[in-house]
Amino acid sequence: MFGINVNKSPGSDSYGSGFFKAAWSVVGQDVCAAIQEFFKTGKLLKQLNATIISLIPKVSNPTDATQFRPISCSIFSVKVNGDSYGYFKGKRGLRLLFVLLMEYLSRVLKKMSQLPDFRYHPMCKEMQLTHLTFPNDLMIFCKGAESSGAIFILPQSVLKVVDKKCREFLWGSNKEGRKMALVSWDTVCKPKKEEGLNVKSSKKWNLTSVGKLIFLLITNKEKLWVKWIHGIYMQPNEDFWTHIPSGSSSGYWKNLNNIKLGMQHWYKNDRYILSANGMFSVNQSYLAIVGQGGIIDAYEVIWSSLILPKHRFILWLAYHRKLMTKDRMADMGIQCDNAECVLCEKQEVEDAMHLFTECPWTRAVCTEVLQWVKVQIPLVETRLVLQSIKQKQ
């Protein structure tokens, strides 16, 4: 009783654990007597194990019963006009199992949050909020470090969905599906200095995090779990890099051995060489997996804090020559009235070069602005303009 959080949902009698804790001096003896009676007779009143059926709408404006999802577990009661009627025995034990597992997880997270190395999500630290549980979802709010939990090889299907959601957030989506990506996801996931947006690829970031386990297997052989791995799966003094898992090994151990093949060049004589001090670096390992892209000499100009975020993104697209100008829309099969520039009367095709350097309207505006700020910048291709600005800094 006293281990149950006071914010937990109350039972069908509307009394939560907070009530029993506060009134224990009054009701405690009766509660204990009821529990002792159960162990003596093996019988329990159905009312004590009852929950209310909650109807969760599946759509925004439900019109019939099929558009609701009933949520309950074990024995349940139906509430009509605020009063409960009858008790029905549940047939699906998975719901009860889910509740039990979430209760256990809640207690584990509560204990872990008391550890000195535990790191809350920045927005949840003041409330000491570790997680939220919903009928179909679980959200955990803590730093994804070894000290705040554990490192796992996540299912590829999960990682693909996470990356898909990130792409849809970046490029937008609608009911028909996500909109067209203007720059490849591999480029987006590279550092800003290397033509990317420094967005982390979930698949590659998870792979990098799992690399920490391989680092520990090689360099921390005194850890208890490392000793256990060597004792169960490997022969004495067997080299980890040449080890081949047996057919009876666990799937996780087999996956870990498959992953190690792409990380062997991170080590020399079993010493991690991607960092100067030989300690594992998640960032350096991630960059090694992502691979190096082209270097933007003037990336500080694109990502200057003096520029509005929206304008930085537009400038980044212009650098990649990926703005949705009319010539590119035509090449991608996107219908538009015509491909001519709407800012001038030259009846020329609207491409990036014309839009930023050749269009009379653009040149007139840029000339006025440059004279006003007393700066001389050549009206040439975007990348050359960025280099010119950097040289003047």
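These figures come from a predicted structure and were not determined experimentally. (Residues numbered from 1 in each chain as written. Predicted model: local features only at pLDDT ≥ 70, side-chain atom pairs only at ≥ 80, totals over all residues. Heavy atoms only, no water.)

*Asks:* Help me understand the overall build of the chain in this model?
*Replies:* Each helix and strand in the chain was counted, giving 15 helices and eleven strands. In the chain, buried positions account for 28% of the 393 residues. At a minimum sequence separation of 6, the contacts of the chain that also span at least 24 residues come to 43%. Summing over all exposed atoms, the chain offers an accessible surface of approximately 26,800 Å²; the carbon and sulfur share of this is 57%. (Helix = DSSP H or I, 4+ residues; strand = E, 2+ residues; numbered from the N terminus. Buried < 20%, exposed > 50% of the residue type's maximum accessible area, 1.4 Å probe, protein only. Contact = heavy atoms within 4.5 Å. Areas by Shrake-Rupley, 256 points an atom, 1.4 Å probe, with all protein chains shown as cover.)

*Asks:* How should I be thinking about the packing of helix H6 (residues 202-219) against helix H9 (residues 282-290) in this particular structure?
*Replies:* Closest axis-to-axis distance for the H6/H9 pair is 9 Å, and the angle between their directions is 130 degrees. Here H9 runs oblique to H6, going by the angle between their axes. For H6 against H9, the interelement crossing comes out right-handed. In this structure, H6 contributes Lys204, Trp205, Leu207 and Thr208 to the contact, and H9 contributes Val282, Asn283, Ser285, Tyr286, Ile289 and Val290. Among the residues forming the contact of H6 with H9, the class breakdown is six nonpolar, three polar and one charged. (Axes fitted to C-alpha atoms, helices over the stretch in contact; angles between N-to-C directions. Parallel < 35°, antiparallel > 145°, perpendicular 65-115°, else oblique. Left-handed = near helix turned anticlockwise from the far one by under 90°. Nonpolar A, V, L, I, M, F, W, Y, C, P; charged D, E, K, R; others polar.)

*Asks:* Help me understand unusual backbone geometry, please; the structure alone is not making it clear to me.
*Replies:* For residues besides glycine, phi is generally negative; the peptide bonds are generally trans as well. In this structure, glutamate 195 is a non-glycine residue whose phi angle is positive, near 75 degrees. For glutamate 195, a relative accessible area of 18% translates into the label buried. Non-glycine residue arginine 321 carries a positive phi angle of around 60 degrees. With respect to the element layout, arginine 321 can be found in the loop between helix H11 (309-319) and helix H12 (326-331). Under the relative-accessibility criterion, arginine 321 is labelled partly exposed at 45%.

*Asks:* Sorry, what's going on with the packing of aromatic side chains here?
*Replies:* Ring pairs (aromatic) are described by centroid distance and by the angle formed between their planes. Counting across every chain of the model gives twelve aromatic pairs. Its end group placed over the ring of tryptophan 303, lysine 192 keeps NZ or CZ at 4.5 Å from the ring centre. (Phe/Tyr/Trp six-rings, centres within 6.5 Å; stacked < 30°, edge-to-face > 60°. Lys NZ or Arg CZ within 6 Å of the ring centre and 35° of its normal.)

*Asks:* So what exactly am I meant to see when it comes to the state of the cysteines here?
*Replies:* Between two cysteines, a covalent bond joining their sulfur atoms is known as a disulfide. Per the counting criterion, the structure on display carries zero disulfides. In this model cysteine 341 remains outside any disulfide bridge; the closest cysteine sulfur is found in cysteine 344, 3.8 Å from its own. Here cysteine 341 falls in the buried class, since its relative accessible area comes to 6%. (Disulfide = S-S within 2.5 Å.)

*Asks:* Is there a simple way to explain the environment of glutamine 156 in this structure?
*Replies:* Tracing the backbone through its elements, the reader meets glutamine 156 in helix H4 (residues 156-171). Residues glutamine 156 and serine 202, 46 residues apart in the sequence, show an inter-C-alpha distance of 9.7 Å.

*Asks:* Looking at this model, I keep getting lost on helix H15 (residues 382-392). Mind explaining?
*Replies:* Residues three or four positions apart in an α-helix share a direction because the helix packs 3.6 residues into each turn. Buried residues of H15: Thr382, Val385, Leu386 and Ser388, and no others. The buried residues of H15 occupy an angular sector of 160 degrees when the element is viewed end-on, so they sit on one face. Buried residues belonging to H15 abut helix H10 (299-302), H11 and helix H13 (352-358). (Arc of directions from axis to C-beta.)

*Asks:* Help me understand a nonpolar patch on the surface, please; the structure alone is not making it clear to me.
*Replies:* On the surface, a nonpolar cluster with roughly 780 Å² of combined accessible area is contributed by Val342, Leu343, Trp361, Val365, Val369, Trp372, Val373 and Val375. Judged by relative accessible area, which is 71%, tryptophan 372 ranks as exposed. (Patch = residues over 30% accessible without salt bridge, like charges linked within 9 Å, V, L, I, M, F, W, Y side chains within 5 Å. Salt bridge = Lys/Arg side-chain N within 4 Å of Asp/Glu carboxyl O.)

*Asks:* How should the side chain of serine 249 be read in this particular structure?
*Replies:* Relative to the helices and strands, serine 249 is located in the loop between helix H7 (224-233) and helix H8 (251-260). Looking at serine 249, the relative accessible area reads 8%, which means it is buried. Side chain to side chain, serine 249 and serine 246 meet in a polar contact 3.1 Å long. Apart from the residues lying within four places of it in its own chain, the contact partners of serine 249 are Tyr233 and Lys254. (Polar contact = N/O pair within 3.5 Å; in protein donor to acceptor, adjacent residues only side chain to side chain.)

*Asks:* Help me understand the nonpolar core, please; the structure alone is not making it clear to me.
*Replies:* Grouped together as the largest cluster of nonpolar side chains are 22 residues, with contacts concentrated most on Val210, Ile214, Leu217, Phe240, Trp253, Leu256 and Tyr267. In terms of residues, this core owes the most to one element, H6, which gives seven residues. Tyrosine 267 has contacts with Gly211, Ile214, Phe215, Ile218, Trp241, Tyr272, Ile273 and Phe280, leaving out every residue within four places of it along the chain. Judged by nonpolar contacts, the second largest core, of 20 residues, contains Leu182, Val188, Trp303 and Leu386. (Core = buried A, V, L, I, M, F, W, Y, C linked by side-chain atoms within 4.5 Å.)

*Asks:* Looking at this structure, how should I read the pattern of salt bridges?
*Replies:* Close approach of charged atoms lets side chains of opposite charge pair. Counted according to the given criterion, the structure contains four salt bridges. The salt bridge partner of lysine 164 is glutamate 168, with a shortest N-O separation of 2.6 Å. One end of the pair is lysine 164 and the other is glutamate 168, both in helix H4 and four residues apart, which spans about a single turn. When its relative accessible area of 36% is taken as the criterion, lysine 164 is described as partly exposed.

*Asks:* So what exactly am I meant to see when it comes to the packing of H6 against H8 here?
*Replies:* Working note: a packed helix pair is described by the angle between its axes plus the distance between those axes. Packing of H6 against H8 brings their axes to within 10 Å, and their N-to-C directions diverge by 95 degrees. Taken together, the axes of H6 and H8 lie roughly perpendicular to each other. Between H6, through Leu207, Val210, Leu213, Ile214 and Leu217, and H8, the contact on the second element is made entirely by Tyr252, Trp253, Leu256, Ile259 and Lys260.

*Asks:* Explain H6 here, please?
*Replies:* End to end, H6 covers 26 Å across 18 residues, agreeing with the expected 26 Å (1.5 Å per residue, within 8%). The set of residues buried in H6 consists of Ser202, Asn206, Thr208, Ser209, Val210, Gly211, Leu213, Ile214, Phe215, Leu216, Leu217 and Ile218. (Expected span 1.5 Å × (residues − 1).)

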